[in-house]
Number of protein chains: 2
Amino acid sequence: MSDFRENAHFLADWIARYLDDPSRYPVLARVRPGEIRDALPRDAPERGEPFERIFADFERVLLPGVTHWNHPGFFAYFAITASEPGILAEFLSAALNQQAMLWRTSPVATELEEVSLGWLRRLIGLPDAFEGVIYDTASISTLHALAAAREIGVPDVRRAGLAGRADLAGVRVYCSEHAHSSVDKAVILLGLGQQALTRIPADAEFRMQAALLAEAIRADRAAGVIPLAVVATVGSTSSTSVDPVDAIARICEHERVWLHVDAAYAGVAAMVPGCEWILKGADRADSLVVNPHKWLFTPFDLSVLYCRRMDAVRQAFALTPEYLKTSEGEAGVRNLMDTGIQLGRRFRALKLWMILRHFGAEGLRGALAEHMRLARLFASWVDASDQFELAAPVPFSVVCFCLKGHRTDEDHSRLLDAVNASGDVFLSHTRLDGRYVLRLAIGNLRTAELHVRRAWDLLTESAALLR
Amino acid sequence: MSDFRENAHFLADWIARYLDDPSRYPVLARVRPGEIRDALPRDAPERGEPFERIFADFERVLLPGVTHWNHPGFFAYFAITASEPGILAEFLSAALNQQAMLWRTSPVATELEEVSLGWLRRLIGLPDAFEGVIYDTASISTLHALAAAREIGVPDVRRAGLAGRADLAGVRVYCSEHAHSSVDKAVILLGLGQQALTRIPADAEFRMQAALLAEAIRADRAAGVIPLAVVATVGSTSSTSVDPVDAIARICEHERVWLHVDAAYAGVAAMVPGCEWILKGADRADSLVVNPHKWLFTPFDLSVLYCRRMDAVRQAFALTPEYLKTSEGEAGVRNLMDTGIQLGRRFRALKLWMILRHFGAEGLRGALAEHMRLARLFASWVDASDQFELAAPVPFSVVCFCLKGHRTDEDHSRLLDAVNASGDVFLSHTRLDGRYVLRLAIGNLRTAELHVRRAWDLLTESAALLR
């Protein structure tokens, strides 16, 4: 590709134009299932093709299949941002093609990970005793936390496994009924089985009831079952509720059970003055996951696991075949392959470092605070409305709400489809206390008051037509 | 970042210059452990900083810590390439920030994955019955294959797990003594325990002895142990040996045991005329992993799992919480979150698609054949030398060799350090039959005969000085 320079400049312009205003496109892709697949040939070309032809197909065939997570009207799930320094860092990272399995295969990725995770750790107020490691997703971070808990809680599990052991009547992991599905997937993968996961009932504000957790652990222990770990959630996926981490940490300390805090979405909010309370007690947790790719403007993917007992993760996974042995071992060097299931690691720390420097602590706090202000504003409209009502408290940047007056799921679902068909906004839903609930999630840097207002207008207009 | 456009153009120029000649830099980073970390501040800046200042620190502090995987003299581990269409695709992918958990959250990533994996599948000659899915690394691909084997082989494992079950005396996974450490990590993570992994002895050319595999399975079954899976390797990490997949497949069919083929490095070579034999029998495997980020010029990371029984992967992992339910379910849409532990997926298919189109089948075959020619050439020099001798056959692009005349590990290790200190080449080592062995791995698109010649000159000069 002798004309890499030319093509890179072309792409730089295209991306700059795209980022100037992603709202030129409908937020939710309008292609039919199979439409993109069917528009492309069944086989790779025999001869190489010029960039112009490839890019023309990108624009013609692929672009209509993009759901625009960059769109200021993206309010579904957790809204995210590929910030510009993050995009540039990914461009550079792809070119450098670092593979950070060993310190020597990428000293820069290894050490910048340590530095940038130290910066983030102090911003959210976690003690230095927490060592950080970058994974791709929160699912993988939580999996490693629970693998470490299993390593500590089940004697000789690395060698002997779980099957055919007379000494193991059963093992148990606890989380709130509102915890993320990644906890289920982790216990399944770890061979504990889904029945090993006890979901503790929540209170009226969707927070785990610590007293019920204590009871469950006591009862299991009395029955000869080993309590391995508790997962507390700071910012649950449905309602962004915050489990009482402090009370849960006390129980875990008393019971000597691993405490993992899932702060994937909301953990970063701890850097905002007035929000420090959300991580109260987390300093006594064993591990905590926070995802800069969720609400810290980092292009997907970058999840961080902070762990006070990274030795347990290493004990579970470190394994160095001959062909990866090096002479730096003696100098106390970190080899990232020792902290996980994946051998290879790409250079993700670069984007976090560039983002932290570009925005500065001040800029990040300001952006998070503004998202929370917009959410409170929207919630105030809901509160004052005769069509809608709030379905949950709004501690962060997500508003859960529903139609007033015992309307059916079908009504809500039709309403959601109607506003999403506009192309201007994309909201998603969940279920709370059995009710179908709409969610408006704010997290994109381009989202301003006018976009939230547009969502509100669409909702009220469409709701009026429902009657 | 109002000047994104300007910064992107600056970076395009910088990267173009860098890619023009990465050999201006020493291939192996020359920083001391801790040097980068200590050169950076302990805290994130309070105020945001301009791109110029951030990039100046990148060049001054970070760049010296880069080990240049792009360097034409990178011959360690498996040499790789961030090809230019791949880098451009990653730039575009970062900007689009797709998150392909559900079809609707990124129809383009979901369907382009299907299309580009179909292209690759037909290039390497696997039947259409193999469905493909993209993960980050081969470790994760193999983990999913073995999780699916566990799902099939252990009744009710998803719900009941492995612990405290009277019906499970033991379970077993088999691989060659030369299989990759990712197999160990997978059995540990899955709760089978490292003792559940039986490593079958290899023959004189480092290939699994199928007869010994058959014996081991029969003996285990007689002892009440459940044989879950066999991992055959096509291109083992140390010597790139090829297990007899055809014979192993026959055994697995007869014993009804899951066969997973680890072709992470060498699988792509099956597209080269004359190399089709390497996947003989793989059409009867249950799953196969191949890594375009290894020897198909794709920036790290992109690993592909092809599976004839993707239903088993879905059975093990599919789990849809309310907030991710959509109405497209009925149309037979693929939701990528159902095929794995990770909920989120970034848009990796874009780079594979752009690479396949840029090079075309012809270009890819030619590049792979040239790497194999260079390896054979180097091997012929070794063969004709009175200083060195080959330590293994050379079926692909890796040459294993050592000093003649029973030289010590220490001699080999000093030789390796001497050539690596040149800055012109980076080789690694392994151990075969107890011997310390040097490895020269060719896989970078910039590597030409002159670079291989330079490695040879450095080796022979340094070896002469050893005496």
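Quick note: structure is the one above.
Residues numbered from 1 in each chain as written. Chains lettered and ligands numbered in written order. Predicted model: local features only at pLDDT ≥ 70, side-chain atom pairs only at ≥ 80, totals over all residues. Heavy atoms only, no water.

The next point concerns the overall build of chain A. Helix and strand content of chain A: 15 helices and 11 strands. Computed over the C-alpha atoms, the radius of gyration of chain A is 24 Å, within 12% of the 23 Å expected from 2.2 N^0.38 for a compact globule of 467 residues. Based on the C-alpha atoms only, the size of chain A along its principal axes is roughly 65 × 60 × 45 Å. The long-range share in chain A, meaning contacts at least 24 apart out of those at least 6 apart in sequence, stands at 73%. Accessible area of chain A: about 14,600 Å², with a carbon and sulfur share of 49%. (Helix = DSSP H or I, 4+ residues; strand = E, 2+ residues; numbered from the N terminus. Rg over C-alpha atoms; globule rule 2.2 N^0.38 Å. Contact = heavy atoms within 4.5 Å. Areas by Shrake-Rupley, 256 points an atom, 1.4 Å probe, with all protein chains shown as cover.)

What follows is about the pattern of salt bridges. Considering all chains together, one arrives at 92 salt bridges over all chains under this definition. Among the ionic pairs, Arg199 of chain B bridges to Asp184 of chain B, the shortest N-O distance being 2.5 Å. Note that Arg199 of chain B is positioned in strand β3 (residues 197-200) and Asp184 of chain B in helix α8 (residues 181-189), a separation of 15 residues in sequence. The partner of Glu370 of chain B in a salt bridge is Arg373 of chain B, with the nearest N and O atoms 3.0 Å apart. With Glu370 of chain B and Arg373 of chain B both in helix α13 (residues 349-384) and 3 residues apart, the pair spans about one turn of that helix. For Glu370 of chain B, a relative accessible area of 30% corresponds to the partly exposed category. A residue is classified by how much of its surface remains accessible, and Arg373 of chain B, at 33% relative accessible area, is partly exposed. One continuous salt-bridge network, built from bridges that share partners, spans Glu90, Asp301, Arg346, Arg348 and Lys351 of chain A together with Glu90, Asp301, Arg346, Arg348 and Lys351 of chain B. (Salt bridge = Lys/Arg side-chain N within 4 Å of Asp/Glu carboxyl O. Buried < 20%, exposed > 50% of the residue type's maximum accessible area, 1.4 Å probe, protein only.)

In this complex, chain B contributes 150 residues to the contact, which on the side of chain A involves 150 residues. Across the chain B to chain A interface the summed buried area is about 13,900 Å²; carbon plus sulfur atoms make up 62%. Looking only at chain B, the three residues that lose the most surface to chain A are Lys185, Tyr323 and Arg357 of chain B, adding up to 6% of its buried area. Summed over the shared surface of chain B and chain A, the number is 24 salt bridges. With a closest N to O distance of 2.6 Å, Arg357 of chain B and Asp57 of chain A form a salt bridge. Put simply, chain B and chain A have 75 residue pairs in polar contact (both at pLDDT 80 or more) between them. (Buried area = accessible area lost by both parts, 1.4 Å probe. Polar contact = N/O pair within 3.5 Å; in protein donor to acceptor, adjacent residues only side chain to side chain.)

The two chain copies are connected by a rotation around an axis plus a translation along it. By a simple turn and slide, chain B fits onto chain A: the slide is 0.0 Å along the axis, the RMSD is 0.0 Å, and the turn is 180°. Seen this way, the second copy is the image of the first under a two-fold rotation axis. Mapped onto chain A, 100% of the interface residues of chain B again fall at the interface, so both copies present the same surface. (Least-squares fit on C-alpha atoms with pLDDT ≥ 70 in both.)

All right, on to the packing of aromatic side chains then. Residues and elements named next belong to chain A. Summed over all chains, the structure comprises 47 aromatic pairs over all chains. Look at Trp69 and Tyr77: their rings are 6.2 Å apart centre to centre, the planes differ by 25°, and that puts the pair in the stacked class. The class of Tyr77 is buried, set by a relative accessible area of 10%. Joined through ring pairs, the aromatic side chains of Phe10, Trp14, Tyr18, Tyr25, Phe51, Phe55 and Phe58 make up one cluster. (Phe/Tyr/Trp six-rings, centres within 6.5 Å; stacked < 30°, edge-to-face > 60°.)

Residue and element names in this part refer to chain A. The topology assignment puts Leu288 in strand β6 (residues 287-290). For Leu288, a relative accessible area of 0% corresponds to the buried category. In sequence terms Leu288 and Phe74 are 214 residues apart; their C-alpha atoms lie 27 Å from each other. Discounting chain neighbours no more than four positions away, the residues touching Leu288 are Leu126, His260, Val261, Ala263, Leu279, Ala282, Val304, Leu305 and Tyr306.

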